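Here is how the chains run, residue by residue.
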Amino acid sequence: MTTATDILPDAIAEAPLIVAAYPMPLLRVDGVSKKFGAFTAVDGLSLDIQAGEFFALLGPSGCGKTTLLRMLAGFETPDAGKILLDGEDIAAVLPHQRPVNMMFQNYALFPHLSVRDNIAFGLKRAALPKPEIAARVAEMVALVKLGGLEKRKPDQLSGGQKQRVALARALARRPQLLLLDEPLAALDKKLREETQAELMELQRRLGTTFVIVTHDQDEAMTMADRIGVMKDGRLEQVATPRQLYEAPASRWIAGFVGDINLIEGEVTLQDAHRLTVAAAGAGMLTVAEPKAPLPSRAICLAIRPEKIRLSRRAPTSAGGLNSIEGVVTEVGYLGGLSVYKVQLDHGATLRVALANTNRLDVDAYGVGQKVVAWFAPDDCVVLPR
Amino acid sequence: MRLSRFNIAALAFGLAFLYLPIVVLVIYSFNASKLVTVWGGWSTRWYTEFFNDRAMLDAAWMSARVGLVSATAATLLGTLAAVALTRGARFRGRTLMSGMLYAPLVMPEVITGLSLLLLFVALDAERGFWTVTIAHTSLTMCFVAVVVQSRLAGLDRSLEEAAMDLGCDPARAFVAVTLPLIWPAMAAGWMLAFTLSLDDLVIASFTTGPGSATLPIRIYSEVRLGVKPEINAICTLIIGFIAVLIVGASLASKLSSSRGDSAAPL
């Protein structure tokens, strides 16, 4: 795994990394593996999560993220490796003895108990005195804004309200670590966006460490301090949302997170922190040299659609910019953005996203329009092929 | 949708086929005449007769005791079996085990009765209340297991996990979360088991001993000497009692399935 800082331009690398601030992580996953029969769900995975962090595990379905979360909760026991919480190995500790709580994907509210009793459930098991339980339940109800619904049963609640009860129930025991399994997947889009903001606010206020599992990139990007992207039971990259997007560590990550143009090429010249690349179907391009030495001359260029501009003529101040001629073959209007497919004269196809800043659309490029696509050398990521 | 004339006729015929004999029996239980086949006006004398018939009351009391004890034991055992089969880890031979649990449902009662008789004889057990109770427990526990298992299968597994996550060990999670959600199914299973035990003639006659006849055995031996109108009265009482239990069982299972999610057991 290449760490993000190796290949980052300075401006992005300076974004504060929480890792540096704390010497001992709250949670250390050390070489953990888990197999189900012949299928390896988690494969020798190591990860540090700091106290107070909002960490997201992102990945396609079947990548092992839920299995990892269930091992943190204690519902699965790792076949190998250690899980250290505050320096103590909890890999073999049963779920009810861990200072960890989980919010379940389908909420798993107890249907026979009222909202109040659901929230109080974990507190009663902890044998807290009654007034203390009542006080904590009241605190939780206020925290997740459920006032007036305490006596309702789960089937009398809306999806959003259930989600809040589940959150309150999981937080009531004041866990060191809160695990959230796709907490917003069951909510509709608008409610999901509101709830994202509320979750972040709550996490900041309580200072509890959150580990969230999601397959929704936008959710992970919006909420998390750091994101661990998983593939086939391994972590492909652990980075801040910005690093992940602007400096993907591999071709797979570049393709998985957001939209991107990938062009293969051959380095022909290396000079003054600039590479000259013979790109397949895009001519000769100048790009910034990555910090990490490249293993070979065969590389892959990755450039985000919104980093490319279009114009009808080559930009006048073309000094150092890459400009490639082509024809618009497809236009997708998405409201805030339009996505253009540009067939380059050299053969490759580029996707270009432009913000629709002008309501009357005077500058839009139609299908068949000859254009020049251009971008700065720093806006292109160089990845080993 | 309205029923067509043909459907109404078919329904009436079907129901008549099922219930006409019972209706005749109920009506004749109120017959004042001593002769079963001759109508002699309305009377409740055969009910009074029954409540003064010592031997018949003893048999009824025996049946009630066997039913209560065996239904309770069957509910406990059947629930445990259902829990093991739905909640236990996927062990080898699980399908076989589950099939073996259900096989007695379709086993001819004569075979069940005979095999139990042979077992009791081999063990040199004195035949009477306890042998009948044990036999009925083994007959009815698979019915309870079916009812409870279908309820358990419909329950979300993560409910128990949530309870464990919130500080319950597995046993407490079962008591605090699973049990409250499956008790209506258990109640339905209990009522079913009780009804089955009360009904059973074949297995009871194989496994009972002298002096401990259940109600069906007693009725059967009376009828062999000729049908007395008193029998009609007893049967009417049994029908009423069982009807109440069946309605109770289906209400309980309806309650069970309305709590939480799917899977109505009955």
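1. Here we look at the domain arrangement of chain A
Next, step 1: Looking at the assigned domains, one finds that chain A contains domain 1 (4-99 + 175-252) and domain 2 (259-384).
Next, step 2: Spacing between the C-alpha centres of domain 1 of chain A and domain 2 of chain A amounts to 33 Å.

2. Description of the side chain of aspartate 181 of chain A
Next, step 1: Counting through the fold element by element, aspartate 181 of chain A comes out in strand β7 (residues 177-181).
Next, step 2: The buried charged residue aspartate 181 of chain A lacks any salt bridge partner; its closest oppositely charged side chain belongs to arginine 70 of chain A, at an N-O distance of 6.4 Å.

3. Section: the pairing of strand β17 (residues 337-344) of chain A
Working note: regular strand, side chains alternate between the two faces of the sheet.
Residue and element names in this part refer to chain A.
Next, step 1: Pairing of strand β16 (residues 322-333) with β17, which is carried by seven bridges, proceeds in the antiparallel orientation. Residue pairing for β17: valine 327 is matched across the bridge by glutamine 343.
Next, step 2: Between β16 and β17, which pair antiparallel and follow one another directly, the connecting turn spans three residues, one of which, glycine 335, has a positive phi of 95°.
Next, step 3: Pairing of β17 with strand β18 (residues 349-355) involves seven bridges; the strand directions are antiparallel. Bridge assignment links tyrosine 340 to a residue of β18, and that residue is valine 352.
Next, step 4: The turn joining β17 and β18, which pair antiparallel and follow one another in sequence, is formed by four residues; a positive phi near 125° is taken by glycine 347.

4. What about the sheet that holds strand β20 (residues 381-384) of chain A?
Residue and element names in this part refer to chain A.
Next, step 1: On the basis of which strands lie adjacent, the open sheet formed by five strands has the order β13-β12-β11-β14-β20 and antiparallel pairing. Taken across any chain shown, the strands that pair with only one partner, and hence form the sheet edges, are β13 (283-288) and β20. Put simply, the sheet's adjacent strands are angled 45° from each other on average, direction ignored.
Next, step 2: Examined bridge by bridge, strand β12 (residues 274-279) and β13 share six bridges and lie antiparallel to one another. Residue pairing across strands places alanine 278 opposite methionine 284, the latter belonging to β13.

5. Observations regarding the pairing of strand β14 (residues 298-303) of chain A
All names here are of chain A.
Next, step 1: For β14, the tally of buried residues reaches five of six residues, placing the bulk of the element in the interior.
Next, step 2: Judged from the six bridges that link them, strand β11 (residues 261-271) and β14 form a sheet pairing that is antiparallel. If you follow glutamate 264 over to β14, its bridge partner there is cysteine 300.
Next, step 3: Alignment of β14 against β20, held across four bridges, turns out to be antiparallel. Of the residues in β20, the one forming a bridge with leucine 301 is valine 382.

6. Examining the nonpolar core
Next, step 1: Of all hydrophobic cores here, the largest spans 80 residues; its most connected members are Phe110, Phe121 and Leu179 of chain A.
Next, step 2: Among the elements that make up this core, the one with the highest residue count is helix α8 (residues 170-199) of chain B (13 residues).

7. Re the interface of chain B and chain A
It is common to report an interface's size as the accessible area lost on association of the parts.
Next, step 1: Facing 20 residues of chain B, the contacting portion of chain A comprises 19 residues.
Next, step 2: Approximately 1,800 Å² of surface area, both sides summed, lies buried where chain B meets chain A, with 63% of it carried by carbon and sulfur atoms.
Next, step 3: Three residues stand out in chain B for area buried against chain A, namely Glu161, Asp165 and Leu166 of chain B, and they jointly supply 38% of the buried area on that side.
Next, step 4: At the boundary of chain B with chain A, the tally comes to one salt bridge.
Next, step 5: Between chain B and chain A we count eight residue pairs in polar contact (both at pLDDT 80 or more) in total.
Next, step 6: Within the residue set of the side of chain B that touches chain A, elements represented by two or more residues are α7 (157-165) and α8 of chain B.
Next, step 7: Ranked by residue count, the leading element in the side of chain B that touches chain A is α7 of chain B, at seven residues.

8. Focus on helix α2 (residues 45-52) of chain B
Next, step 1: Regarding α2 of chain B, the residues found buried are Trp46, Tyr47 and Phe50 of chain B. Down the axis, α2 of chain B shows its buried residues gathered within 105° of arc, on one side only.

9. With respect to the packing of helix α3 (residues 54-87) of chain B against helix α6 (residues 129-154) of chain B
Residue and element names in this part refer to chain B.
Next, step 1: As a packed pair, α3 and α6 sit with axes 5 Å apart at the nearest point and diverge in direction by 40°. Between α3 and α6, the crossing angle belongs to the class labelled oblique. Taken as a pair, α3 and α6 cross one another with a handedness that is right-handed.

10. Describing the packing of α3 of chain B against helix α4 (residues 94-106) of chain B
Residues and elements named next belong to chain B.
Next, step 1: Two numbers describe how α3 lies on α4: the axes approach to 10 Å, and their chain directions differ by 155°. Relative to α4, the element α3 lies roughly antiparallel. In this structure, α3 meets α4 at a crossing whose hand is left-handed. Along its contact with α3, which presents Ala81, Leu85 and Thr86, the element α4 presents Arg94, Met97, Ser98 and Leu101.
Next, step 2: For the contact of α3 with α4, the class distribution of residues is four nonpolar, two polar and one charged.

11. Some words on the packing of aromatic side chains
Aromatic ring pairs: the centre-centre distance and the angle between the two ring planes describe each pair.
Next, step 1: Tallied over the full model, the rule gives 13 aromatic pairs over all chains.
Next, step 2: Here the aromatic rings of tyrosine 28 of chain B and tryptophan 39 of chain B are separated by 5.7 Å at their centres, their planes lie at 85°, and the arrangement is edge-to-face. Taken together, the residues tyrosine 28 of chain B in helix α1 (residues 5-29) and tryptophan 39 of chain B in the loop between α1 and α2 connect sequence positions eleven residues apart.
Next, step 3: A residue is classified by how much of its surface remains accessible, and tryptophan 39 of chain B, at 36% relative accessible area, is partly exposed.
Next, step 4: Pairing tryptophan 190 of chain B with phenylalanine 194 of chain B gives two aromatic rings, centres 5.3 Å apart and planes at 15°, and the pair type is stacked. Placement of the pair is tryptophan 190 of chain B and phenylalanine 194 of chain B together in helix α8, with a separation of four residues, close to one helical turn.
Next, step 5: Counting every residue linked through ring pairs, the aromatic cluster contains Tyr28, Phe30, Trp39, Trp42 and Tyr47 of chain B.
Next, step 6: Note that arginine 304 of chain A overlies the ring of tyrosine 245 of chain A, its terminal NZ or CZ placed 3.9 Å from the centroid.
Next, step 7: Above the ring of tryptophan 46 of chain B, the side-chain terminus of arginine 45 of chain B is found at 4.2 Å from the ring centroid.

Reading guide: rules and limits
- Residues numbered from 1 in each chain as written.
- Chains lettered and ligands numbered in written order.
- Predicted model: local features only at pLDDT ≥ 70, side-chain atom pairs only at ≥ 80, totals over all residues.
- Heavy atoms only, no water.
- Domains from an automatic or database assignment.
- Helix = DSSP H or I, 4+ residues; strand = E, 2+ residues; numbered from the N terminus.
- Buried < 20%, exposed > 50% of the residue type's maximum accessible area, 1.4 Å probe, protein only.
- Lys, Arg positive; Asp, Glu negative; His and termini not counted.
- Salt bridge = Lys/Arg side-chain N within 4 Å of Asp/Glu carboxyl O.
- Pairing = 2+ DSSP bridges.
- Axes fitted to C-alpha atoms, helices over the stretch in contact; angles between N-to-C directions.
- Core = buried A, V, L, I, M, F, W, Y, C linked by side-chain atoms within 4.5 Å.
- Contact = heavy atoms within 4.5 Å.
- Buried area = accessible area lost by both parts, 1.4 Å probe.
- Polar contact = N/O pair within 3.5 Å; in protein donor to acceptor, adjacent residues only side chain to side chain.
- Arc of directions from axis to C-beta.
- Parallel < 35°, antiparallel > 145°, perpendicular 65-115°, else oblique.
- Left-handed = near helix turned anticlockwise from the far one by under 90°.
- Nonpolar A, V, L, I, M, F, W, Y, C, P; charged D, E, K, R; others polar.
- Phe/Tyr/Trp six-rings, centres within 6.5 Å; stacked < 30°, edge-to-face > 60°.
- Lys NZ or Arg CZ within 6 Å of the ring centre and 35° of its normal.

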